[in-house]
Amino acid sequence: MKLNTLCYIESGNNILMLNRNKKKNDENQGKWIGVGGKLEPHESPDDCMIREVKEETGLKLIDYQLRGIITFVLPKWEDEICFLYSATQYEGTLKECNEGELQWIKKEDVFNLPLWQGDTYFLDDLFYSNQFINIKLVYNEQDELVKVCKYT
């Protein structure tokens, strides 16, 4: 099981989204997601998230918060535990990302993008509430969502 981070950066009513369309053999190919990636040895989730945001966007986060934990069960890929973050303040200028195209999207329009099916089960809470998110999303071999477990 791999450990990774996922961060959704806010600017007003917009969210920075990454259209994963540049890497070969990418489990997120064609999907829009937040920014983040795998924890490296000796990194904490915060260390990883800060590093990944800087690498993928060029932005240095000033204010961020751990918002939840997502367990992804993916038979076609390696299962993951994902530390979910939101960020509201940053410094720097957005740069080109080698994993896909970055774009600011209005919060309400995010749900019209090609997302993983399970993302809709946590993004609404992430965007519009302050509750801590603890969810397990189970997919089948065709990458179709088959089970959602929300924990309190």
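Read on for an overview of the structure. (Residues numbered from 1 in each chain as written. Predicted model: local features only at pLDDT ≥ 70, side-chain atom pairs only at ≥ 80, totals over all residues. Heavy atoms only, no water.)

**Regarding the pairing of strand 1 (residues 2–11)**
A regular strand places its side chains so that they alternate between the two faces of the sheet.
Then comes step 1: In terms of burial, strand 1 is largely enclosed, as 8 of its 10 residues are buried.
Then comes step 2: Pairing analysis gives 8 bridges linking strand 1 to strand 5 (residues 80–91), with the strands arranged parallel. Looking at the pairing, isoleucine 9 lines up with alanine 87 of strand 5.
Then comes step 3: Pairing of strand 1 with strand 2 (residues 14–19), which is carried by 2 bridges, proceeds in the antiparallel orientation. The partner of glutamate 10 across the bridge, within strand 2, is isoleucine 15.
Then comes step 4: Between strand 1 and the antiparallel strand that follows it, strand 2, lie 2 residues; glycine 12 among them carries a positive phi value of about 65°. (Buried < 20%, exposed > 50% of the residue type's maximum accessible area, 1.4 Å probe, protein only. Helix = DSSP H or I, 4+ residues; strand = E, 2+ residues; numbered from the N terminus. Pairing = 2+ DSSP bridges.)

**A short note on unusual backbone geometry**
Then comes step 1: The residue histidine 42 is not glycine, and still its phi comes out positive at about 70°.
Then comes step 2: Structurally, histidine 42 is set in the loop between strand 3 (32–33) and helix 1 (45–57).
Then comes step 3: Judged by relative accessible area, which is 83%, histidine 42 ranks as exposed.
Then comes step 4: In this structure, aspartate 143 takes a positive phi of about 60° despite not being glycine.

**Points about the pattern of salt bridges**
Then comes step 1: A complete count under the given rule lists 9 salt bridges for this structure.
Then comes step 2: The salt bridge involving lysine 2 is made with glutamate 80; its shortest N-O contact spans 3.4 Å. Here the residue lysine 2 occupies a position in strand 1, and glutamate 80 occupies one in strand 5, the gap between them amounting to 78 residues.
Then comes step 3: On the accessibility criterion, glutamate 80 (6% relative accessible area) is buried.
Then comes step 4: Here glutamate 10 ties to lysine 107 by a salt bridge, and the two come within 3.3 Å at their closest N and O atoms. Of this pair, glutamate 10 sits in strand 1 while lysine 107 sits in helix 2 (residues 107–110), and the two are 97 residues apart along the sequence. (Salt bridge = Lys/Arg side-chain N within 4 Å of Asp/Glu carboxyl O.)

**Quick word on the nonpolar core**
Then comes step 1: Ranked by size, the top nonpolar core spans 25 residues in total, and within it Tyr8, Met17 and Phe122 carry the most contacts.
Then comes step 2: The set of elements that each furnish at least two residues to this core consists of strand 1, strand 2, strand 3, strand 4 (60–73), strand 5, helix 3 (120–128) and strand 7 (133–139).
Then comes step 3: Core analysis: the second largest hydrophobic core is formed by 14 residues, Leu16, Val35, Met49 and Leu102 among them. (Core = buried A, V, L, I, M, F, W, Y, C linked by side-chain atoms within 4.5 Å.)

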